[in-house]
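So the chains spell out like this:
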Amino acid sequence: VCFDNYNRLWCGSTKGMCIKTSAIEFFFHEKIEQYEETIKLIPLNNNKVLSVTATGVKTFSYDSSLSSIKVHSYINAPNVTSYASINENEKLLGTNNGLMIVDNYHQTLLTVNDGLLSSNVNDVLYNLQDSTLYVGTTEGFSIINYELLRKHLKTVPMLQILSILVANSAQFNLGDNI
């Protein structure tokens with residue numbers, strides 16, 4: 001249960017995501033056939049609410065013009081136990097299989113083979129001020145410098161297109177006025 005920026009009450013229930021907008025209005029998200037137990041609800045700054053469940057993370061918003069709840073994004077992850085946000089694009093999901101780091105392009109799973117004390121993560125906390133990541137596992141506490149970890153993650157590098165060669169042999173750099 002949490003309140004959003006407009007003082008609306010959100011609740012994850014077995015019937016789905018529910019929002020209380022006034023003394024008498026309740027709205028459920030209609031397109032979820034079976035809803036899983038909500039581990040945590042987190043109000044976001046952009047009039048959205050993040051729901052952490054055992055099967056992943058969903059972002060919801062309320063559309064007052066339609067009196068309905070919309071799903072904006074979904075990260076599918078098995079056995080989620082906890083959640084932390086690095087920034088708008090990077091999320092950390094503690095799972096029974098390790099620590100999943102998710103951004104707009106990659107998903108990386110850190111396990112005991114990567115230095116965690118256990119792959120069974122109970123809780124995760126990110127300290128924005130010093131980029132420290134605290135990971136509570138069933139075997140103890142791991143403290144990680146996230147900026148250093150980010151540099152060493154083995155992910156496929158993004159391609160950056162710097163120029164395009166056109167059929168008539170003229171070359172244009174991105175950003176040029178054509």
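For the structure, see preceding data.
Residue positions are given per chain, counting from 1 as you read along its sequence in written order. Thresholds applied to this predicted model are a pLDDT of at least 70 for local features of residues and 80 or more for the giving and counting of side-chain atom pairs; totals over whole chains, interfaces and linings are not thresholded and use all residues. Values reported for side chains reflect all heavy atoms of the structure, with hydrogen atoms and water molecules removed beforehand.

**Here's the deal with the overall build of the protein**
Threshold: Secondary structure elements are defined from DSSP: runs of H or I of at least 4 residues count as helices, runs of E of at least 2 residues count as strands, and each element is numbered from the N terminus. Working definition: with a 1.4 Å probe on protein chains only, accessible area under 20% of the residue-type maximum means buried, over 50% means exposed, and in between means partly exposed. Note on contacts: a residue pair qualifies if any of its non-hydrogen atoms lie within 4.5 Å across the two residues.
A count of helices and strands for the protein gives one helix and 17 strands. Split into buried and exposed, the 178 residues of the protein put 39% on the buried side. Excluding contacts between residues fewer than 6 apart, the proportion of contacts in the protein whose partners are at least 24 apart in sequence is 32%.

**Details of unusual backbone geometry**
For Asn79, which is not glycine, the phi torsion reads 60° and is therefore positive. Mapped onto the elements of the fold, Asn79 is located in the loop between strand S8 (68-76) and strand S9 (80-85). On the basis of relative accessible area, Asn79 is assigned to the partly exposed category, the value being 36%.

**Re the nonpolar core**
Stated formally: Definition of nonpolar core: a set of buried residues of the types Ala, Val, Leu, Ile, Met, Phe, Trp, Tyr and Cys, connected through side-chain atoms within 4.5 Å.
Counting 15 residues, the largest nonpolar core has Leu92, Leu99, Leu116, Val124, Leu133, Val135 and Tyr146 as the members making the most contacts within it. Elements with a minimum of two residues in this core: strand S11 (98-102), strand S13 (121-127), strand S14 (132-137) and helix H1 (146-152). The leading source of residues in this core is S13, at three residues. Those residues within four positions of Val135 in sequence are excluded, and the remaining contacts are Leu99, Leu116, Val121, Asp123, Val124, Gly140, Phe141, Ser142 and Ile144.

**So, the pairing of strand S15 (residues 140-145)**
Just so we agree on the cut-off: At least two bridges found by DSSP between two strands are what make those strands a pair.
Pairing of S14 with S15 involves six bridges; the strand directions are antiparallel. Pairing of Leu133 across the sheet is with Ile144, part of S15. Connecting the antiparallel pair S14 and S15 is a turn made up of two residues.

**Remarks on the packing of aromatic side chains**
Spelled out, the test is: Note on ring pairs: Phe, Tyr and Trp rings are taken, using the six-membered ring of Trp, and paired if centres are within 6.5 Å. Classes follow the plane angle, with under 30 degrees stacked, over 60 edge-to-face and the rest tilted.
Scanning the entire structure with this criterion turns up two aromatic pairs. Between the aromatic rings of Tyr126 and Tyr146, the centroid separation amounts to 5.8 Å while the plane-to-plane angle is 75°, which identifies the pairing as edge-to-face. A residue pair is termed long-range when its members are at least 10 positions apart, and Tyr126 in strand S13 and Tyr146 in helix H1 qualify at 20 residues. Exposure remark for Tyr126: the relative accessible area of 12% places this residue in the buried category. Between Tyr134 and Phe141 the ring centres are 6.0 Å apart and the planes differ by 35°, which places this aromatic pair in the tilted class. The class for Phe141 is exposed, based on a relative accessible area of 53%.

**Some thoughts on the environment of Thr95**
Worth spelling out the cut-off: Polar contacts here mean pairs of N or O atoms no more than 3.5 Å apart (in protein, one a potential hydrogen donor and the other a potential acceptor; neighbouring residues in sequence count only if both atoms are side-chain atoms).
Here Thr95 lies in strand S10 (residues 91-95). Since its relative accessible area comes to 2%, Thr95 is described here as buried. For the pair Thr95 and Ser119, spaced 24 residues apart in the sequence, the C-alpha separation amounts to 7.8 Å. Those residues in contact with Thr95 that sit more than four places away from it in its chain are Pro78, Asn79, Val80, Thr81, Leu109, Ser119, Asn120 and Val121. Of note is the side chain of Thr95, whose polar atom sits 2.9 Å from the backbone nitrogen of Asn97. Within the structure, the side chain of Thr95 is placed 2.8 Å from the backbone oxygen of Gly98, a separation counted as a polar contact.

**Some thoughts on the sheet that holds strand S12 (residues 107-110)**
So the rule is basically this: Structural elements are reduced to axes, namely lines fitted to C-alpha atoms, with helices fitted over the stretch in contact, and the angle between N-to-C directions of any two is expressed from 0 to 180 degrees.
Strand order in the open sheet formed by four strands is S9-S10-S11-S12, and the pairing between neighbours is antiparallel. Unpaired on one side and paired on the other, S9 and S12 mark the two borders of the sheet. For this sheet, the mean angle separating the axes of adjacent strands, direction not counted, is 20°. Relative to S12, S11 is paired through four bridges, and the arrangement is antiparallel. Among the inter-strand pairings, Leu99 is bridged to a residue of S12, identified as Leu110.

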